[in-house]
Amino acid sequence: MELFNVYPLVNITPVKGLGAKLWDDQGQEYLDFYGGHAVISIGHSHPHYVQRLTEQLQNIGFYSNSVQIPIQQQLAHKLGQVSGYEDYTLFLCNSGAEANENALKLASFHTGKKRVVAFKGAFHGRTSGAVAATDNPKIVAPFNANHAITFVDYDLKAVAEVLRGGDVCAVIIEPIQGVGGIIMPSDDFLQGLSLLCGAHEVLLIADEVQSGYGRSGKFFAHLHAGIKPDIISVAKGMGNGFPIGGILISPNLKASYGLLGTTFGGNHLACAAALAVLEVIEEENLLTHATELGDYLRQELEANAGAEEIRGRGLMVGIKYDFPIKDVRDKLLTEHHIFVGNASDPTVLRLLPPLNITKAEVDRFLQALYVLTEAEVRTA
């Protein structure tokens, strides 16, 4: 049997990681400025993370949600404390797509309605409802296309017009679009959106799968706007590579047996990984670090990168050029041994390094980028 060939692969085989560095099977060292799609939040093989998982595995790795699993409650308490959402409840699952799927389902249950408002350029996952709310027709199969989804621009009048139809259960928004190219709705827009949803009794879902867990310099990116969504979806950086996701749920939404469910969600190992991440974020003051290093990175890029626009907050950064960035991205990897990301916009380079990246590592990336982009401009 062969693998189902859906991923274009680079010819590199990482076998070891530590901090923001990777090593391949040939012994070549790489700088990881992408974190496997924003997953590596506290660095590869962080000692506390390894210890937490090892100790948990030596006791018990899994049992189903039909029994008491105290580490789930420990995770809920710690997440509430670190995020500032202590009055919310937590439902655990395995991925960002699952988190958004459950968020949409819960909103529909709560309101008795089915239409969802999403935004142009959005990416919310590849499961049935999540992919329907993703603005990419190429990955929406006919089976997924029958959901009632309305895509709008960041335009409060357009949102209000849809909400007046009376059939909307939820508005789902990324406080910072990741795949879309580090696109940020303004704080004013998010505040207005929150007010509109409240006025129409529509649930506001903040998809923090990529922008959460300190990525923006605050624990959640929507906190920059001072809003409080009804449901917040999380994953990626939540487990630092161990599959885990979840939704934080407003106290206005009530649980009942069987309303949501999962086999693997909230298993012992996943919760140990997630607790380790929160403990490291807190102990190493990574929110402040992400803010300071992110500010430094963007200031340097604005002064020297020759880009059209520098986007983002914290260590979630997009660099928009006036040319496709594929060659720059490829050469960063092959010539300078630095992993970076792209976006649905081919002119945007996407940066999502571990939150504990060092200034020296940032400078190494910057120098490599300047060499390549200067060469690109000269040959244009």
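For the structure itself, consult the block above.
Conventions we followed
- Residues numbered from 1 in each chain as written.
- Predicted model: local features only at pLDDT ≥ 70, side-chain atom pairs only at ≥ 80, totals over all residues.
- Heavy atoms only, no water.
- Pairing = 2+ DSSP bridges.
- Helix = DSSP H or I, 4+ residues; strand = E, 2+ residues; numbered from the N terminus.
- Axes fitted to C-alpha atoms, helices over the stretch in contact; angles between N-to-C directions.
- Contact = heavy atoms within 4.5 Å.
- Phe/Tyr/Trp six-rings, centres within 6.5 Å; stacked < 30°, edge-to-face > 60°.
- Buried < 20%, exposed > 50% of the residue type's maximum accessible area, 1.4 Å probe, protein only.
- Lys NZ or Arg CZ within 6 Å of the ring centre and 35° of its normal.
- Parallel < 35°, antiparallel > 145°, perpendicular 65-115°, else oblique.
- Left-handed = near helix turned anticlockwise from the far one by under 90°.
- Nonpolar A, V, L, I, M, F, W, Y, C, P; charged D, E, K, R; others polar.
- Polar contact = N/O pair within 3.5 Å; in protein donor to acceptor, adjacent residues only side chain to side chain.

*Asks:* Describe the sheet that holds strand β3 (residues 29-32), naming the residues involved and giving the relevant values.
*Replies:* Overall, mixed pairing links the four strands, which are arranged β1-β2-β3-β13 in an open sheet. At either end of the open sheet lies a strand with only one pairing partner, and these are β1 (14-18) and β13 (338-339). Pairing of strand β2 (residues 21-24) with β3 involves three bridges; the strand directions are antiparallel. Residue pairing for β3: W23 is matched across the bridge by E29.

*Asks:* Give me the lowdown on the sheet that holds strand β9 (residues 231-234), citing residues and values where you can.
*Replies:* Reading across from one edge, β4-β10-β9-β8-β7-β5-β6 is the order of the seven strands in this open sheet, with mixed pairing throughout. Two strands close off the open sheet at either side, each with one partner strand: β4 (89-93) and β6 (149-152). Going from strand to strand, the sheet's axes swing by 20° on average, the running direction of each strand aside. Pairing geometry for strand β5 (residues 115-119) and β6, over four bridges, is parallel. Its bridge partner lying in β6, F119 is registered against V152. Together, β4, β5, β7 (168-173), β8 (203-207), β9 and β10 (245-249) form the strand contacts of helix α4 (residues 96-111), whose direction differs from that of β8 by roughly 175°.

*Asks:* Please set out the packing of aromatic side chains residue by residue, giving values where relevant.
*Replies:* What the rule picks out here adds up to eleven aromatic pairs. Ring centres 5.0 Å apart and planes at 25° place the aromatic pair Y321 and F323 in the stacked group. For the pair formed by Y321 and F323, the shared burial category is buried. Over the ring of W23 we find K16; its NZ or CZ atom is 5.4 Å from the centre of that ring.

*Asks:* Can you tell me about the packing of helix α6 (residues 156-163) against helix α7 (residues 187-199), naming the residues and giving the values?
*Replies:* α7 packs onto α6 with a crossing angle of 15° between their chain directions and a minimal axis gap of 10 Å. The angle between the axes of α6 and α7 places the two elements in the roughly parallel class. Between α6 and α7 the crossing geometry is right-handed. Here L156, V159, A160 and L163 of α6 come into contact with α7, specifically with F189, G192, L193, L196 and C197. For the contact of α6 with α7, the class distribution of residues is eight nonpolar, one polar and no charged.

*Asks:* Give a detailed account of the environment of S83, specifying residues and quantitative values.
*Replies:* For S83, the position within the fold is in helix α3 (residues 70-83). In contact with S83, not counting residues within four places along its chain, are F219, F220, L223 and L248. Here the side chain of S83 touches L79 through a polar contact of 2.6 Å, landing on its backbone oxygen. In this structure the side chain of S83 is engaged in a polar contact, spanning 3.3 Å, whose partner is the backbone nitrogen of Y85.

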